[in-house]
Amino acid sequence: MTRVEVAIVGAGFAGIGVAAALRRAGRDDFVVLERGASVGGTWRDNTYPGIACDVPSHLYGFAAHPNPTWSGTYAKGAEIHAYLEHVVDAEGLRDRLRLDTPMRSARWDAAHDVWRIHTPGETVVADVLVLACGRLTEPTIPRIAGLEQFPGPLFHSARWDHSAELAGARVGVVGTGASAVQIVPELARTAAHVTLFQRTPAWIVPRGGDDYSDADRARFATTPQALEALRADLYAEGEARFASRSGDSAAASEAEAVALAHLERHVADPALRAALTPDYAFGCKRVLLSDDFYPAVASDAVSLVSSALAEVEGSTLVAADGSRHAVDALVLATGFASTRQPYADLVVGEGGVTLAEHWSGGMTAFASTVVAGFPNLFVLNGPNASLGHSSSVLMIEEQAGYVTRVLDARAGRALRVDPEAERAYTDEIARAAASTRWMTGGCRNWYVDERSGRLALLWPGTVDAFRERLARADGSEFLPSPEPAPLHR
């Protein structure tokens with residue numbers, strides 16, 4: 001048995017971020033449990049061709065760890081993975097990592113006010129449990145008749161099979177979301193042909209961006225003020241982008257015009273252009289960035305099927321519109337379990353209630369971080385902690401700051417969230433979200449929980465507003481707690 005003050009589950013941006021915050025706050029009694037063989041989370045797991053971030057590099061990193069060596073405006077996936085490895089070493093976290101150590105279950109021990117976290121090798125007993133498991137970790141595999149009998153290479157984009165011979169092959173791709181718009185242009189360069197199944201078109205705006213020169217990187221390395229100024233500019237641009245994403249009429253109309261001009265510039269065929277034009281409000285779904293997706297789809301190398309994949313008959317893919325397409329390999333770019341987080345079934349709070357049961361009507365929390373019925377539990381990157389307009393790392397940093405502030409005031413007592421505080425916060429979110437495009441834009445998106453119709457993933461405001469909201473949390477969100485019984489080891 002291992003006994004620690006804080007157990008952190010997950011070693012992606014969220015887990016590393018809160019571990020670093022704890023260390024800087026003078027708390028060294030923690031361990032980070034990571035199911036994978038290295039840190040990195042989604043940037044370790046996703047290795048598909050063309051993977052890169054769609055948030056500017058110098059905003060997609062920790063404020064305490066600026067990186068002057070990013071290769072360009074938008075970092076590639078392998079660079080981000082390497083950056084997280086660097087942060088682990090820079091913060092001296094390596095000895096706190098338990099790699100290849102998945103959480104099998106976590107149960108609140110009410111008799112001693114501790115969490116008992118079961119892993120394959122041992123039980124970790126912790127006063128505090130931080131779930132930093134990520135929100136896009138478990139691929140969604142669609143239920144399609146005959147899919148399991150497909151005879152060729154078949155895999156999800158987040159579990160890319162690099163042994164599959166796709167060069168010169170006929171490749172089917174299902175989905176036109178954020179991963180697909182990066183994958184399809186890469187496949188189009190080498191595959192014999194790509195057949196792309198599109199259920200719903202996305203709003204796509206120009207990506208732009210440049211590679212940084214050696215001189216740029218040298219300037220960033222020797223002039224920290226230049227990096228600080230760049231990050232500040234990118235932050236301001238991101239905050240300004242909230243208006244177009246959330247539904248400000250003028251900002252959304254301007255952004256929509258940019259997206260439509262982008263489409264018209266690259267797709268000459270009016271029928272294809274119509275098929276690629278969304279019929280829902282700009283911002284309702286995740287807005288995508290790409291300069292090469294439209295040219296690829298408009299080329300002879302790609303065929304767009306404006307229909308869902310309905311059935312698989314051997315190596316023939318049958319679309320919902322009845323069309324049939326022979327392929328040699330199939331890539332599922334079909335997203336992730338976002339509103340129903342897989343880890344929620346593993347966490348048991350007071351009264352034997354699982355986190356999944358508590359969230360049966362959609363994820364909720366106070367301050368997007370602490371949950372009623374689950375004492376001394378913090379969830380990062382969970383309920384209403386994602387963004388549709390800027391860097392999620394900014395939200396993680398704010399949540400990590402909240403965790404350290406709360407722990408400093410804990411004084412050894414169990415932190416039990418007042419259910420009324422959680423309900424009030426949830427109502428507050430609902431009021432703020434009610435008029436946004438995510439709720440009114442006429443689309444189905446992964447931000448809204450289908451069981452309750454609530455905006456469960458996104459924070460319906462700016463990063464500044466989130467920071468201000470967490471700053472107003474004064475401890476009254478927690479119920480009075482009695483002294484815990486001594487723990488017998």
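As the structure is a prediction and not an experimental result, all values here were calculated from the model.

Draft legend 1. Focus on the overall build of the protein chain. Each helix and strand in the protein chain was counted, giving 14 helices and 20 strands. Against the 2.2 N^0.38 benchmark of 23 Å for 489 residues, the protein chain shows a C-alpha radius of gyration of 23 Å, consistent with a compact globule. In the protein chain, buried positions account for 55% of the 489 residues. The long-range fraction of contacts in the protein chain, counting pairs at least 24 apart against all pairs at least 6 apart in sequence, stands at 72%. Surface accessibility of the protein chain: about 19,700 Å² in total, with carbon and sulfur atoms responsible for 50%. Each charge class in the protein chain was averaged separately, 45 positive and 60 negative side chains, and the resulting centres sit 3 Å apart.

Draft legend 2. Structural detail: helix α4 (residues 180–190). Across the 11 residues of α4, eight count as buried, placing the element largely inside the fold. Turning to α4, its buried residues number three or more, namely Ala180, Val181, Gln182, Ile183, Val184, Pro185, Leu187 and Ala188. Looking at the buried residues of α4, the elements they touch are β8 (170–174), β9 (193–197), β10 (204–205), β11 (288–289), α9 (293–298) and β12 (302–305).

Draft legend 3. Structural detail: the sheet that holds strand β13 (residues 309–313). Taken together, the three strands give an open sheet; going across it, the order is β13-β14-β15, and neighbouring strands pair in antiparallel fashion. Each of the sheet's edge strands pairs with one partner strand only, and the pair in question is β13 and β15 (324–326). Along the sheet, successive strands turn relative to each other by an average axial angle of 25°, direction set aside. With three bridges connecting them, strand β14 (residues 316–319) and β15 associate as antiparallel partners. From the neighbouring strand, leucine 317 faces β15, where its bridge partner is histidine 325.

Draft legend 4. Inspection of the environment of serine 307 at higher detail. Relative to the assigned elements, serine 307 resides in the loop between β12 and β13. Residue classification places serine 307 among the buried residues on the basis of a relative accessible area of 8%. Once the C-alpha coordinates of serine 307 and asparagine 384 are considered, the two residues, 77 residues apart in sequence, prove to be 31 Å apart. Not counting residues up to four positions away in its chain, the partners in contact with serine 307 are Phe197, Gln198, Arg199, Ala319, Ala320 and Asp321. For serine 307, the side chain forms a polar contact with the main-chain nitrogen of alanine 320, separated by 3.2 Å. In terms of polar contacts, serine 307 uses its side chain to reach the backbone amide nitrogen of aspartate 321, at 3.1 Å.

Draft legend 5. Just the packing of helix α11 (residues 392–410) against helix α14 (residues 463–471), in detail. Orientation of α11 relative to α14, taken along the N-to-C sense of each, is 5°, at an axis distance of 10 Å. Viewed along their axes, α11 and α14 adopt a mutual orientation that is roughly parallel. Listed contacts from α14 to Leu394, Met395, Glu398, Gln399, Tyr402 and Arg405 of α11 are Val463, Phe466, Arg467, Leu470 and Ala471.

Draft legend 6. Expanded view of the nonpolar core. Ranked by internal contacts, the top residues of the largest apolar core, which has 108 residues, are Ile8, Phe13, Val173, Phe366, Phe378 and Tyr402. Sorting elements by how many residues they give to this core places α11 first, with nine residues. Once residues within four sequence positions are removed from consideration, valine 173 is found in contact with Val184, Leu187, Val194, Thr195, Leu196, Phe197, Leu330, Val331 and Ala333. Grouped together as the second largest cluster of nonpolar side chains are 36 residues, Leu129, Ala344, Leu377 and Tyr447 included.

Draft legend 7. Structural detail: the pattern of salt bridges. Across all of its chains, the model carries 30 salt bridges by this definition. Between aspartate 216 and arginine 219 there is a salt bridge whose closest N-O contact spans 3.8 Å. Pair noted here: aspartate 216 and arginine 219 are both in helix α5 (residues 214–222), with a separation of three residues, about one helical turn. With a relative accessible area of 40%, arginine 219 lands in the partly exposed category. A salt bridge links glutamate 450 to arginine 340; the shortest N-O distance between them is 3.1 Å.

Draft legend 8. Up close: the packing of aromatic side chains. Using the criterion set out here, one finds 15 aromatic pairs in the structure. Ring geometry for phenylalanine 155 versus tryptophan 160: centroids 4.8 Å apart, planes at 70°, classification edge-to-face. For phenylalanine 155, a relative accessible area of 6% puts it in the buried group. Take tryptophan 160: its relative accessible area is 10%, and that puts it in the buried class. When the ring of tryptophan 459 is compared with that of phenylalanine 466, the centres are 5.1 Å apart and the planes differ by 70°; the resulting orientation is edge-to-face. Given the relative accessible area of 7%, tryptophan 459 is considered buried.

Draft legend 9. Examining the environment of leucine 309 more closely. Relative to the assigned elements, leucine 309 resides in strand β13. A relative accessible area of 8% places leucine 309 in the buried class. The sequence separation of leucine 309 and alanine 191 amounts to 118 residues, and the corresponding C-alpha distance is 20 Å. What leucine 309 contacts, discounting residues up to four positions off in sequence, is Ile144, Val174, Phe197, Leu317, Val318, Ala319 and Leu330.

Cut-off values and rules
Residues numbered from 1 in each chain as written. Predicted model: local features only at pLDDT ≥ 70, side-chain atom pairs only at ≥ 80, totals over all residues. Heavy atoms only, no water. Helix = DSSP H or I, 4+ residues; strand = E, 2+ residues; numbered from the N terminus. Rg over C-alpha atoms; globule rule 2.2 N^0.38 Å. Buried < 20%, exposed > 50% of the residue type's maximum accessible area, 1.4 Å probe, protein only. Contact = heavy atoms within 4.5 Å. Areas by Shrake-Rupley, 256 points an atom, 1.4 Å probe, with all protein chains shown as cover. Lys, Arg positive; Asp, Glu negative; His and termini not counted. Charge placed at Lys NZ, Arg CZ, Asp CG, Glu CD. Pairing = 2+ DSSP bridges. Axes fitted to C-alpha atoms, helices over the stretch in contact; angles between N-to-C directions. Polar contact = N/O pair within 3.5 Å; in protein donor to acceptor, adjacent residues only side chain to side chain. Parallel < 35°, antiparallel > 145°, perpendicular 65-115°, else oblique. Core = buried A, V, L, I, M, F, W, Y, C linked by side-chain atoms within 4.5 Å. Salt bridge = Lys/Arg side-chain N within 4 Å of Asp/Glu carboxyl O. Phe/Tyr/Trp six-rings, centres within 6.5 Å; stacked < 30°, edge-to-face > 60°.

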